Every structure is written in C-alpha cells, then in structure tokens.
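# Secondary and tertiary structure notes
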Amino acid sequence: MFKRLTRYLDQKKLSQEKNHDVHSKQAALFSSKDAHFTEKLRYDALPRANYAYGTYYAALQARALNIPKISTIEFGVAGGSGLVELENIAFEVEKETGVVVDVYGFDTGSGMPQPKDYRDMPYVWQPGFFKMDVAALQARLKKAQLVLGDVEETIGEFVKEKPAPIGFISFDLDYYYSTVEALKLCEQDSEFFLPRVYCYLDDIIGDDFEIHNHFTGELLAIDEFNQRHEKRKIDKINALRYKRMLWSPWVEQMYVFHIFDHPHYCTYVNPKQNWEAPLNK
Ligand SMILES: C[S@@+](CC[C@H](N)C(=O)[O-])C[C@H]1O[C@@H](n2cnc3c(N)ncnc32)[C@H](O)[C@@H]1O
C-alpha cells in the first residue's frame, strides 16, 4: 500500500514538473520575437492559438491538394481584435506553407441585433452589445475584408464574389438565429470549400452565466444543420486534447465541417509517404 502511494506521489510530482516545464516554455515562446510560428503553435504561445491551429492545418490540406489560395472567416467581429489576429496568423501561415490566405470578417458593424426568441439566449446577450468602431478597425486592417450587415443578407453577396475555397471558420455570432443564417454558407456548392473546413465554435463554453446546451444557441444550430444534411457534418475533432502540449479550453471548441460530397474528400493528404507497423523483434 505504502509502495503504491509513493509511486503515485512520484508520478504526480513528475507530471507537475512536466506541466511547469511546458508553461515556462510557453511563456518564453510568447515573448520571443525569433521563435518559429509552428513552435509557438505547438505550445499555444500565440494570442489566438485556436485560429492559428485551424488556419495552419487548413493551409496544409490546401497545399496537399495543390490549392494555392484559401479563405478564412470570422463570423462575429465585435471591436476587431480577433480579426486583426486572424490577419497576423494569415501572414505567418502564408510564409510557412506558401498558400495564400484571404481573411473575411462578418458583422452587423453596429453590435448584436434583436434576438428572435429564447433560442438566442437573451438572458446573457442584449441588442447593441459588442459595437464596432468601423473606421478604427478599417485603419488597422492590412488585408482582411469586413463584410458588414446582418449575415441574413450578406452571405448571398459574398458567395457571388467567388472567394477562394474556405478552410477555416470561427463561429462567434452568439445567437442561435445568427448561427443558423451563417450556416447557410455551408450549404453552398463544394467548390467553395476545402473538403474539411476547420471550425472554431466560440459559443459552446463561455462564463458561468452562459449555460450552453443542445437545445438553444450555437449547439442547437449545429445539431439541426447535421440533421438536415446527410453528406455534410460538423463535428468535434475527437480527443484533440491528447495531441496538444496544453489542455486549453479552445481544444474542446475545435470542430471540422466534413463535406463528404466534395470531389476531393477521399484524396490522400497525409504527409506520410508510406506507413508501416512492423512486428516487434
Ligand atoms: C461576441 S461578438 C464577436 C467577438 C469576436 N469574435 C472576438 O473574438 O473578438 C459577437 C458579434 O456577432 C455579431 N452578430 C451577431 N448576430 C449577427 C448577425 N445576425 N449578423 C451579423 N453580425 C452578427 C455582433 O454584432 C457581435 O459583434
């Protein structure tokens, strides 16, 4: 019994030390100007590691499919800090992969619209929250394009512009109805997308007053989308946390929009040229 307890305490100490090492490395990478983008991403040493993860792996998928340019989207921009970060990430990912990354931000520009019913969870969000200073944000942006207006109206126009295949989407419109409208983009022809589109779902965790569930909000909109489409599914990246150095909340919020009817869904994109599992000697 004593032996077992000592072994348990030793292991606990070891894992605490490992944790401490990982956090020290993360802090060092965060402040480093020379650290490589992929090393920063490995340790979540970026302001929006979620956006970086989705954009980077989307670009790798595009490169494997010989697609030279992709689009990334932030649905719900508010003041614009996220969009500015997505733009910074786009520049880094372009340098790293050679794939050009376009960036779009969708928002009313005037804050949250009127909620339609209880499914929009008005008990945590109110009309007019998250106003944008459009001129100030425009002045900060180098390549990202703002698409202003209610997504109910702007998606149709956006699609007419024939953007490069979409590889990453952040869904952060808070309301159920807004997410339903944004998901209409995911009903477009497969040419608008990579076969697997990385998605970050912001409104599925939140603070203690946001009680996210499958009967309201973003999760309900995703469930209904999945029910309506046999060949298109948005699902969590299963057990992503075991692939990461740190168990950050965003890891639970990374999903992928699978387009099973995409002509390249089955095209091999794994960088491994060959995969063997020989018998142990
Ligand atoms: C929480 S904020 C986004 C925060 C931002 N993603 C960030 O990380 O800084 C939600 C935004 O969604 C926008 N929004 C909500 N419903 C919308 C709709 N139907 N059409 C366009 N924008 C909408 C609001 O204007 C608001 O700015």
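Each chain has its residues counted from 1, running along the sequence as written. Per-residue local features of the predicted model are confined to residues with pLDDT of at least 70, and side-chain atom pairs are confined, for both listing and counting, to 80 or more; whole-chain, interface and lining totals are unaffected and use all residues.

## Points about the site of the ligand
Lining the immediate environment of the ligand, one finds 21 residues, of which Gly76, Ala78, Gly82, Phe130 and Ser178 sit closest. Residue polarity follows a fixed list, in which Ala, Val, Leu, Ile, Met, Phe, Trp, Tyr, Cys and Pro are nonpolar, Asp, Glu, Lys and Arg are charged, and the others, Gly among them, are polar. Classifying every residue of the shell around the ligand gives nine nonpolar, six polar and six charged. The rule is simple: place the C-beta atom from the backbone, and if it lies within 6 Å of a molecule or strand, the residue is near it.

## Section: unusual backbone geometry
A positive phi angle is found at Asp44, which is not glycine, with a value near 55°. Numbered from the N terminus, helices here are DSSP runs of H or I no shorter than four residues, and strands are runs of E no shorter than two. Tracing the backbone shows Asp44 in the loop between helix 2 (37-42) and helix 3 (49-64). Residue classification places Asp44 among the buried positions, given that 23 C-beta atoms sit within 10 Å. Of note in this structure, Lys162 is not a glycine but carries a positive phi near 50°. Residue Lys162 is classed as exposed on the basis of its C-beta count, with 8 C-beta atoms lying within 10 Å. Each residue is classified by how many other C-beta atoms fall within 10 Å of its C-beta atom, where C-beta atoms are placed from the backbone; a count of 20 or more means buried, 12 or fewer means exposed, and values in between mean partly exposed.

## Thoughts on the nonpolar core
Core membership is restricted to buried Ala, Val, Leu, Ile, Met, Phe, Trp, Tyr and Cys residues, and these are joined into a nonpolar core through C-beta atoms within 7 Å. Ranked by internal contacts, the top residues of the largest apolar core, which has 62 residues, are Val197 and Cys199. Take this core: its biggest share by element is nine residues, from helix 3. C-beta atoms are first placed from the backbone for all residues, and any pair lying within 7 Å is then listed as a contact. Those residues in contact with Cys199, other than ones at most four positions away along the chain, are Ile169, Phe171, Ile234, Tyr255, Val256 and Phe257.

## Here we look at helix 4 (residues 81-97)
The span one expects for a helix is its residue count, reduced by one, times 1.5 Å. In this model helix 4 runs 24 Å from its N-terminal to its C-terminal C-alpha over 17 residues, within 8% of the 24 Å that 1.5 Å per residue would give. Buried within helix 4 we find Gly82, Leu83, Val84, Leu86, Glu87, Ile89, Ala90, Val93 and Thr97. Two residues or fewer past helix 4, Gly98 is found with a positive phi of approximately 80°.

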